Amino acid sequence: MDFEDTPEEAAFREQVRQWIHTNAPTQASGGDVLGERGGGEWFRQQRAWQAKKAEAGYAKITWPKEFGGLGGTPIQQVIFNQEEARGGIGGNTPFAIGLGMCIPTLMAYCGKEILGRYVKPALYGEEIWCQLFSEPAGGSDVAGLRTRAERDGQDWIVNGQKIWTTGAQFSDYGLLLTRTDFNAPKHKGLTMFYLSMKSAGVEVKPIRQASGASGFNEVFFSDVRIPDSQRVGEIGQGWQVALTTLMHERLAVGGGQGGGLDVPQLLALARELELEDGPAIRNASVREKIADWYVRSAGLKYTTYRTMTALSRGQQPGPEASIAKLVVAAKLQELSAFALELEGEAGALKGADAPMHGAFQMGWMAAPGLRIAGGTDEILRNVIAERVLGLPQDVRLDKDVPFNQLPSGR
Amino acid sequence: MDFEDTPEEAAFREQVRQWIHTNAPTQASGGDVLGERGGGEWFRQQRAWQAKKAEAGYAKITWPKEFGGLGGTPIQQVIFNQEEARGGIGGNTPFAIGLGMCIPTLMAYCGKEILGRYVKPALYGEEIWCQLFSEPAGGSDVAGLRTRAERDGQDWIVNGQKIWTTGAQFSDYGLLLTRTDFNAPKHKGLTMFYLSMKSAGVEVKPIRQASGASGFNEVFFSDVRIPDSQRVGEIGQGWQVALTTLMHERLAVGGGQGGGLDVPQLLALARELELEDGPAIRNASVREKIADWYVRSAGLKYTTYRTMTALSRGQQPGPEASIAKLVVAAKLQELSAFALELEGEAGALKGADAPMHGAFQMGWMAAPGLRIAGGTDEILRNVIAERVLGLPQDVRLDKDVPFNQLPSGR
Amino acid sequence: MNFDFSDEQKMLREQARKFLSGKRTTQSARRILEGTGGYDRELWKDVAEMGWLGTAIPEAYGGLGLGPLELCVIAEEMGRALAPLPFSSTVYLFTEAVLLAATEGQKRKYLPSLARGELIGTFARVERAGAAAPKSIRTSFRSGKLSGRKIAVSDGMDADVGVVLARSGDEPGERGLCLAIADLSGAGVSRRVEDSIDPSRKHAEITFDGAPAEPLGAPGEGWRIAATVLDRAAVLTAFEQIGGADVCLATATEYAKTRYAFARPIGSYQAIKHKLADMYVNNELARSNAYYGAWALHTASAELPLAAAAARVSATQAFDYAAKEMIQIHGGIGFTWEADCHLFYRRSRELALGLGAQRSWKDRVVSELETRNTA
Amino acid sequence: MNFDFSDEQKMLREQARKFLSGKRTTQSARRILEGTGGYDRELWKDVAEMGWLGTAIPEAYGGLGLGPLELCVIAEEMGRALAPLPFSSTVYLFTEAVLLAATEGQKRKYLPSLARGELIGTFARVERAGAAAPKSIRTSFRSGKLSGRKIAVSDGMDADVGVVLARSGDEPGERGLCLAIADLSGAGVSRRVEDSIDPSRKHAEITFDGAPAEPLGAPGEGWRIAATVLDRAAVLTAFEQIGGADVCLATATEYAKTRYAFARPIGSYQAIKHKLADMYVNNELARSNAYYGAWALHTASAELPLAAAAARVSATQAFDYAAKEMIQIHGGIGFTWEADCHLFYRRSRELALGLGAQRSWKDRVVSELETRNTA
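Residues numbered from 1 in each chain as written. Chains lettered and ligands numbered in written order. Predicted model: local features only at pLDDT ≥ 70, side-chain atom pairs only at ≥ 80, totals over all residues. Heavy atoms only, no water.

Colleague: Please clarify how the overall build of chain C should be interpreted in this entry.
Modeller: Tallying secondary structure elements over chain C gives 11 helices and nine strands in all. Scaling as 2.2 N^0.38, a compact globule of 375 residues should have a C-alpha radius of gyration of about 21 Å, and chain C matches this with 21 Å. If you line up chain C on its principal axes, its C-alpha atoms span 75 × 55 × 40 Å. Out of the 375 residues belonging to chain C, those deemed buried represent 69%. Pairs at least 24 residues apart make up 74% of the contacts formed inside chain C by residues separated by at least 6 positions. Of the accessible surface of chain C, which amounts to about 11,900 Å², a share of 50% is contributed by carbon and sulfur atoms. In chain C, 46 positive and 46 negative side-chain charges are present, and the distance between their average locations comes to 4 Å. (Helix = DSSP H or I, 4+ residues; strand = E, 2+ residues; numbered from the N terminus. Rg over C-alpha atoms; globule rule 2.2 N^0.38 Å. Buried < 20%, exposed > 50% of the residue type's maximum accessible area, 1.4 Å probe, protein only. Contact = heavy atoms within 4.5 Å. Areas by Shrake-Rupley, 256 points an atom, 1.4 Å probe, with all protein chains shown as cover. Lys, Arg positive; Asp, Glu negative; His and termini not counted. Charge placed at Lys NZ, Arg CZ, Asp CG, Glu CD.)

Below is the structure:
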């Protein structure tokens, strides 16, 4: 048991480190603390770095070489990401959804011509993709979507609304899940397309979140025309196609969520503040809570190490991502609420008026979103219970009934 | 807003207090701390006191006079109970189930002849009743019972097994819920009887609980013969009859659960013990937990006062009993586990070897049972959510299917 | 046993609820949240006309001459309504401090204008992050002049007058502390709005630079009076918190009944159902503790410190849980700016912090239990 | 990255699991629980023959000469099996103390018999309820004689030898403390079995009345050595706890799949399902923390105190939750004497308390974080 690379991994890490050292942008600018993205300059930098990585085969290390990858292993990808992070670059890029989910879906279902057209621009960061699955009526029930695609000769006409679309405002293309048969059971009437986000009838509106941030969008479709050639998979097979996309979502390993607000920051605050009976860090109740959160953070960190070990041995990653999101979101909410309590009346202030520039206030405002986005606490527990522990599904009333006969509460 | 009796209530309290003062046994012996009952002497005392109360009309104050009650109000019953408790008597009697649940059920469904035979002996503590509903396969799903009653001329032949029967070992009669039609849907094939517990074929076996206590029994029925005249309600209407019984179960108001182990005892322990940094009572983490449990205990206490106020105004009690059981059981488990932690290594000892004669160890061993008996935490939350908040039931697969076609996992 | 509000008090509650729900106060709170104004001036006038500002002010000083129980009833409705008013600062803090410690002359000077809504008051205590312990108070009050800096003063931008906790003597700790009333728009006072987690209630930093002020109560009594004012305010605020928590419960319950996922109302899933049951239990326990606080206020009982601390801790826990889980039950839509959920989430934390953190109040619970030698 | 046990170590685990499951150890634990015997003597012989008692003892002293990682693997299986053996007292405490602090002569004297299972050891530290702080230690060790009383000594009735924490000098606090090895069946020693919450592991009160003993380590070093022994034992015990917690999770999961209520497996209800998911998450986090502890043991890292404290806190929380919720998921049947649930419930608490309460270990976590100046 050790934390060392194997000789092969060490060699790859050295090679990557050299390459990054030579090629990395001199000044990297990340997004801001809780995942919002910067402006145009940030975009230009991201694109330039993406292009360099693509040129060297590092943009998607696990992809086969024919698609611009290295044909490498998942652990090599992890090593590259670590070295990028060490250089203060990488992380939350605008290309993640396209390269992580949309393009792999096209690879599974589309022919050479289409792949020849779309893969490379995406890999080089020239074209950005978004994923258009979620709808207002859907929520956790993704397949409950109602956006309608109707056949019109060689085209389809799309009407409806998507929501929670990350990056829609700067995306060039989108992977769009629609309902083409309202008389079929829920999972059998869906069809997948891709389309240009510049198509007539597509309107993108940013969603302002409760925290004030705008990371997501609503996308409205009014008589949007999509040629049948942009269909992905068979008619009525949209759910199977979507599962391919969603499976790729699971492969993200490790941290970064929670805006870097964790025990070290709380320790710093507790050292700084005075309570009735002395420094907060000497208060037994404060210490107990710090310890509770520390063992959860440490547990997650070493779980990531175990996952990387599994990857290094060529095994598949497990449900670690679900565990991490569940634990991190709850911890962020509890820990930041507690920090505000420590700050006393001043905890109600924020920004420059609050201790540590309001970091804990920001965390506290962001936490409810983190508990929902990308799978609610409840859905994640279902996933762990059903996929890991093999517990039976809840009773499903929506399996064999025509979609338009399902109760919907509206 | 005050805590005073109304003039009428005060007069009744005075009358009751006088009566108890004159009539109470000189030496009262309660059950032991966590609800186990004493031996023969304890029984004799209980019976004597019960007879005295019955003679005076105080055994069931809310019952009409024709059945030996006072025709009084629920708040009068509460006042009597309070005054009994003040005198160190009353509480957990062996007659509670018969008088609280079984006899009221007979009153609702049986004729004068039967009532004339059974009510008075029960009221005077001469005959004890138990309730035979729960079965091993049932658990929270009471109506899932399988004890079979088959018609044989003017009799019924009963075979099967009941479980968790309180007091079966010293009961004279039992109220027995059986299945008389396995082809009917679950709730429609049940029929209720009463029977003598001395009937041939009835066997009572005490259940030893995990804590070592034996408060409950298993009851086995082997070809037990019950005359049809002992049927309670119509054939197939057993579930409606059972609901009457269970409704009466809800009327118990207020406390006593948790074996009297609460914040005062924890405070006493915290005063006694030394931690690394001084007396436990000075430790901020200990203080925080004491406060958390105190506000829950106080909240329950004042909820009881609100309930009594409602009774005093002639209103129906609400879901307070469910709230109290849910809160008390969880609190007992957390609080006693915490007390053991305070005691350190010595917390693993019990009885005379542990601090405070092992009171917290006993509480900790009893708590899991309290979270289950009389409605699990989960069932109580369902009850609150559905009956109080009006949330929809979970999907029910067992409503319109013949009982013998229901999946049962066996 | 009569542990409930009277029929008259319940009628007052009904009346207040009907009145406030007609005023669309949540929308008004949102406007304040998004804008720069400090409170809803129209609504303030209405509330003054209803006489609510003088609920607990004796008739001799222009009030309604009702008691703390009536004020509890109104507080609960203010909490339900998220009313964007300097109500708590003016009524629970400033007015209560005057009623508790002022001279006859001061009462005549302040109470009638307070009752008419012509005077907005607040209480400026805190000077730093962390616990607001006596030693943290450095603002001085000497020869009738205040100097120092207060932070996180609720409604501090709009208040005309403020009770200020200051140091008047050389004695260390609480024995050197006093209270003073300052004209906040007068000479020597400057103020600045502070960023806050709940901008539907504005907070201010107030700097005193030799500002004239008059003493409230005796020198050396400042901390003691402040503690009693905070106890009283804690009970009233507990009712606001319960009002808020009840709205969260009702809103989330309604949503859970009507929102479908997988062809079933989400309220039929135990994860949602049990969350709502827990919310209900918390709210009921908090309500019962608050009732006991109201009783202690009403009877001027020696139990007030314990009752107030328990009411505050219980109500804070209830509103915290209800507000955060209301968002969770709503899912994504609950975390949008347009949904009202975040107004309650923000307010829950603002109320939790405004009179000092739970930690301090929990400590108080145990200190009070210790003095009672409960065992 | 190689943060896992090796294939050889995993084989050892498989072997241990297979061996122990063939021994019906839970039934044997139940017999000990209900009876008066202290441990399963047959099983002890078997375990000695497998060489497990000498896992971490160098070959020169008759051990297998393997390392702490192998001992972690075996500890996990002991935990799964609820093995009613004085294994932890003998191996994690007594043997570790000897390996850490004994003279060459002492090692030669004790280690070979320990490895062969001929000698059962324990560690007698605690003298009172509450925190086992240095000032609570009053047992004296002077001129080779021990006098004093120890309580809650695990396996204290069956141990042949015990390391005893005692006061040898006049210096106050930890600087006056030393360790001594006493023959527990020798002169001047009397012992008495104590009632305990988990009688499948017997505890004893041991009274020393001028009992002869030999020093272990230098005078004044007793507390320091004890702390290191406890750190090492905390990691090993964490693996026992995780073994137990995993059995609870597996048993409860299996029950939830096969037990029906309202015509559905209870595992299809979210209340049960989410409880099991939480159990799984706790267990995985605990396992990861324990792995880090194992790494720190293995590499004799300076991280050991932090790693051990985190492993202990995490594993204690996991086993606590798993054991109590396993009963809840089983419902009434889970709370009967016949069901095995309570064996795990009892053991979870016994392990949680045996090396000192969570509170102390949490404090240790923060003290260690402070020395690292993490920020």
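Colleague: Help me out: how do you make sense of the interface of chain B and chain C in this one?
Modeller: It is common to report an interface's size as the accessible area lost on association of the parts. Counting from both sides, the interface comprises 51 residues of chain B and, opposite them, 49 residues of chain C. Interface area for chain B against chain C, summed over the two sides, is near 4,600 Å², with a carbon-plus-sulfur share of 62%. Considering only the side of chain B, the residues that lose the most area to chain C are Met1(B), Phe3(B) and Arg306(B), jointly responsible for 19% of the buried surface there. Our count for the chain B to chain C interface comes out at 10 salt bridges. For the salt bridge of Glu284(C) with Arg306(B), the shortest nitrogen-to-oxygen distance reads 3.0 Å. Here chain B and chain C share 23 residue pairs in polar contact (both at pLDDT 80 or more) between them. (Buried area = accessible area lost by both parts, 1.4 Å probe. Salt bridge = Lys/Arg side-chain N within 4 Å of Asp/Glu carboxyl O. Polar contact = N/O pair within 3.5 Å; in protein donor to acceptor, adjacent residues only side chain to side chain.)

Colleague: In this structure, what is going on with the packing of helix H3 (residues 74-86) of chain A against helix H8 (residues 284-312) of chain A? I would like to understand it.
Modeller: When two helices pack together, their arrangement is given by the angle between their axes and by how far apart the axes lie. All names here are of chain A. One way to put it is that H3 packs onto H8 with a least axis distance of 7 Å and a crossing angle of 135 degrees. Here H3 is positioned oblique relative to H8, judged by the angle of their axes. Contact with H3, carried on its side by Pro-74, Ile-75, Val-78 and Gln-82, involves Met-308, Leu-311 and Ser-312 of H8 and no other residues of that element. Within the contact of H3 with H8, the residues separate by chemical class into five nonpolar, two polar and no charged. (Axes fitted to C-alpha atoms, helices over the stretch in contact; angles between N-to-C directions. Parallel < 35°, antiparallel > 145°, perpendicular 65-115°, else oblique. Nonpolar A, V, L, I, M, F, W, Y, C, P; charged D, E, K, R; others polar.)

Colleague: Looking at this structure, I do not really get the side chain of Glu341(A). What am I missing?
Modeller: The residue Glu341(A) is located in helix H9 (residues 320-343) in this model. Among the polar contacts listed, one links the side chain of Glu341(A) to the backbone nitrogen of Gln358(C), at a separation of 2.8 Å. Sequence-distant contacts of Glu341(A), that is, excluding residues within four places in its chain, are made with Arg349(C), Ala352(C), Leu353(C), Ala357(C), Gln358(C) and Arg359(C).

Colleague: What am I meant to see in the interface of chain A and chain D here?
Modeller: Counting from both sides, the interface comprises 51 residues of chain A and, opposite them, 49 residues of chain D. At the boundary of chain A with chain D, total buried surface from both sides reaches about 4,500 Å², with 62% on carbon and sulfur atoms. Considering only the surface of chain A that becomes buried against chain D, Met1(A), Phe3(A) and Arg306(A) emerge as the three largest contributors, covering 19% of it. If you look at where chain A meets chain D, you find 10 salt bridges. Note that Glu370(D) and Arg287(A) form a salt bridge whose closest N and O atoms lie 2.9 Å from each other. Along the contact surface separating chain A from chain D lie 23 residue pairs in polar contact (both at pLDDT 80 or more). Elements with a minimum of two residues in the side of chain A that touches chain D: helix H7 (263-272), H8, H9 and helix H11 (377-388) of chain A. Here the element with the most residues in the side of chain A that touches chain D is H8(A); it accounts for 18 residues.

Colleague: I keep staring at the pattern of salt bridges and nothing clicks. Help me out?
Modeller: Two side chains with opposite charge may pair up if their charged atoms get near one another. Under the definition given, this model contains 130 salt bridges over all chains. In this structure, the salt-bridge partner of Lys289(A) is Glu288(B), at a minimum N-O distance of 2.6 Å. Of this pair, Lys289(A) sits in helix H8 while Glu288(B) is found in helix H8 (residues 284-312), placing the two residues in two different chains. Taking the shortest distance from any N to any O, the salt bridge between Arg80(D) and Glu77(D) comes out at 3.9 Å. A residue pair is termed a helical-turn pair when its members lie 3 or 4 positions apart in one helix, as Arg80(D) and Glu77(D) do in helix H4 (residues 68-81) at three residues. Arg80(D) sits in the partly exposed class, given a relative accessible area of 24%. Since its relative accessible area comes to 2%, Glu77(D) is described here as buried. A network of salt bridges, in which partner residues are shared, links Arg306(A), Arg13(D), Glu76(D), Asp246(D), Glu284(D) and Arg287(D).

Colleague: Sorry if this is basic, but what is going on with helix H10 (residues 359-370) of chain B here?
Modeller: Counting along an α-helix, one turn takes 3.6 residues, and residues three or four places apart therefore face a common direction. Between its terminal C-alpha atoms H10(B) stretches 16 Å, which fits the 16 Å expected from 12 residues at 1.5 Å a residue. Within H10(B), 10 of the 12 residues are buried, which leaves it mostly tucked inside the rest of the structure. For H10(B), every residue scored as buried is listed here: Phe360(B), Gln361(B), Gly363(B), Trp364(B), Met365(B), Ala366(B), Ala367(B), Pro368(B), Gly369(B) and Leu370(B). Taken together, the buried residues of H10(B) touch helix H7 (263-272) and helix H9 (320-343) of chain B together with helix H9 (304-330) and helix H10 (341-354) of chain D. (Expected span 1.5 Å × (residues − 1).)

Colleague: Looking at this model, I keep getting lost on the domain arrangement of chain A. Mind explaining?
Modeller: The domains assigned to chain A are domain 1 (7-93), domain 2 (130-241) and domain 3 (255-388). Just the C-alpha atoms count here: the centres of domain 1 of chain A and domain 2 of chain A sit 30 Å apart. (Domains from an automatic or database assignment.)

Colleague: Explain the side chain of Arg359(C) here, please?
Modeller: Tracing the backbone shows Arg359(C) in helix H11 (residues 358-371). Overall, the relative accessible area of 13% leaves Arg359(C) in the buried class. Those residues in contact with Arg359(C) that sit more than four places away from it in its chain are Leu275(A), Glu276(A), Glu341(A), Leu342(A) and Ala131(C).

Colleague: When you look at the nonpolar core in this model, what are you seeing that I'm missing?
Modeller: Burial of nonpolar side chains together is a common tendency in soluble globular proteins. Phe87(C) and Phe87(D) are the most contacted members of the largest nonpolar core, which totals 412 residues. Among residues more than four places away in sequence, those in contact with Phe87(D) are Trp44(D), Val47(D), Trp52(D), Leu53(D), Leu71(D), Ile74(D), Met78(D) and Tyr92(D). (Core = buried A, V, L, I, M, F, W, Y, C linked by side-chain atoms within 4.5 Å.)

Colleague: Sorry, what's going on with the packing of aromatic side chains here?
Modeller: Within a pair of aromatic rings, the relevant descriptors are the distance that separates the centres and the angle that separates the planes. This model, assessed by the stated rule, comprises 68 aromatic pairs over all chains. Considering the side-chain rings of Tyr302(A) and Tyr292(D), the 4.0 Å spacing of their centres and the 10 degrees angle between planes classify their relative orientation as stacked. Note that Tyr302(A) is positioned in helix H8 and Tyr292(D) in helix H8 (residues 270-298), a pairing that runs across two chains. The pair Tyr302(A) / Tyr292(D) is uniform in exposure class, with both members buried. Residues Trp364(A) and Tyr345(C) carry aromatic rings whose centres are separated by 4.0 Å and whose planes lie at 5 degrees to one another, so their mutual orientation is stacked. (Phe/Tyr/Trp six-rings, centres within 6.5 Å; stacked < 30°, edge-to-face > 60°.)

Colleague: Looking at this model, I keep getting lost on the confidence of the model for chain A. Mind explaining?
Modeller: Per-residue pLDDT for chain A averages 90, and the proportion of residues at 70 or more is 94%. Residue range residues 29-36 of chain A is modelled with pLDDT below 50. Its contacts to residues more than four positions away, or to other chains, number 15 contacts. (pLDDT = per-residue confidence, 0-100.)

Colleague: Looking at this structure, how should I read the pairing of strand S4 (residues 161-167) of chain D?
Modeller: Along any regular strand the residues' side chains alternate between the sheet's two faces. Residues and elements named next belong to chain D. For S4, a buried count of seven out of seven residues is recorded, marking the element as mostly surrounded by other parts of the structure. By the alternation rule, side chains of S4 split into Val-161, Val-163, Leu-165 and Arg-167 and Gly-162, Val-164 and Ala-166, which are all buried. Pairing between S4 and strand S5 (residues 177-183): seven bridges, direction antiparallel. Within the sheet, the bridge partner assigned to Gly-162 lies in S5 and is Ala-182. (Pairing = 2+ DSSP bridges.)

Colleague: Hey, could you run me through the environment of Trp223(D) in this one?
Modeller: Inspection of the secondary structure puts Trp223(D) in helix H7 (residues 222-258). The spatial distance from the C-alpha of Trp223(D) to the C-alpha of Tyr260(D) is 54 Å, given a sequence separation of 37 residues.

Colleague: Can you help me understand unusual backbone geometry in this one?
Modeller: A negative phi holds for most residues other than glycine; trans holds for most peptide bonds. At Met356(A), a residue that is not glycine, the phi angle is positive and equals roughly 50 degrees. On the secondary structure map, Met356(A) appears in the loop between H9 and helix H10 (359-370). Of the residues examined, Met356(A) reaches a relative accessible area of 27% and is grouped as partly exposed. At Ser143(D), a position not held by glycine, the phi torsion is positive, near 50 degrees.

Colleague: Looking at this model, I keep getting lost on the pairing of strand S1 (residues 121-124) of chain D. Mind explaining?
Modeller: Residues and elements named next belong to chain D. The alternating pattern of S1 places Gly-121 and Phe-123 and Thr-122 and Ala-124 on opposite faces, both of which are buried. Examined bridge by bridge, S1 and S4 share four bridges and lie parallel to one another. The residue of S4 that forms the bridge with Thr-122 is Gly-162.

Colleague: What exactly am I supposed to notice about the packing of helix H4 (residues 96-109) of chain A against helix H5 (residues 112-123) of chain A here?
Modeller: Residue and element names in this part refer to chain A. Axis separation between H4 and H5 bottoms out at 10 Å; the angle between their running directions is 165 degrees. In this view, H4 runs roughly antiparallel relative to H5, as classed from their interaxial angle. Judged by the sense of rotation from one axis to the other, the crossing of H4 with H5 is left-handed. Side by side, H4 and H5 meet where Leu-99, Ile-103, Leu-106 and Met-107 of the first sit next to Leu-115, Tyr-118, Val-119, Ala-122 and Leu-123 of the second. Here the contact of H4 with H5 is built from residues that sort into nine nonpolar, no polar and no charged. (Left-handed = near helix turned anticlockwise from the far one by under 90°.)

Colleague: Just to check I follow, could you spell out the state of the cysteines for this structure?
Modeller: Each disulfide is one covalent bond, formed between the sulfur atoms of two cysteines. Residues and elements named next belong to chain C. Across all of its chains, the model carries zero disulfides over all chains by this definition. Cys-248 carries a free sulfur, and the closest cysteine sulfur to it, the one in Cys-341, is 7.7 Å from it. The exposure class of Cys-248 is buried, given its relative accessible area of 0%. (Disulfide = S-S within 2.5 Å.)

Colleague: I'm lost on the confidence of the model for chain C in this one. Help?
Modeller: As a general rule, the predicted coordinates of low-pLDDT regions are not to be interpreted in detail. The predicted model of chain C averages 96 in pLDDT, with 99% of residues at 70 or higher. As a predicted assembly, this complex carries a pTM of 0.95 together with an ipTM value of 0.95.

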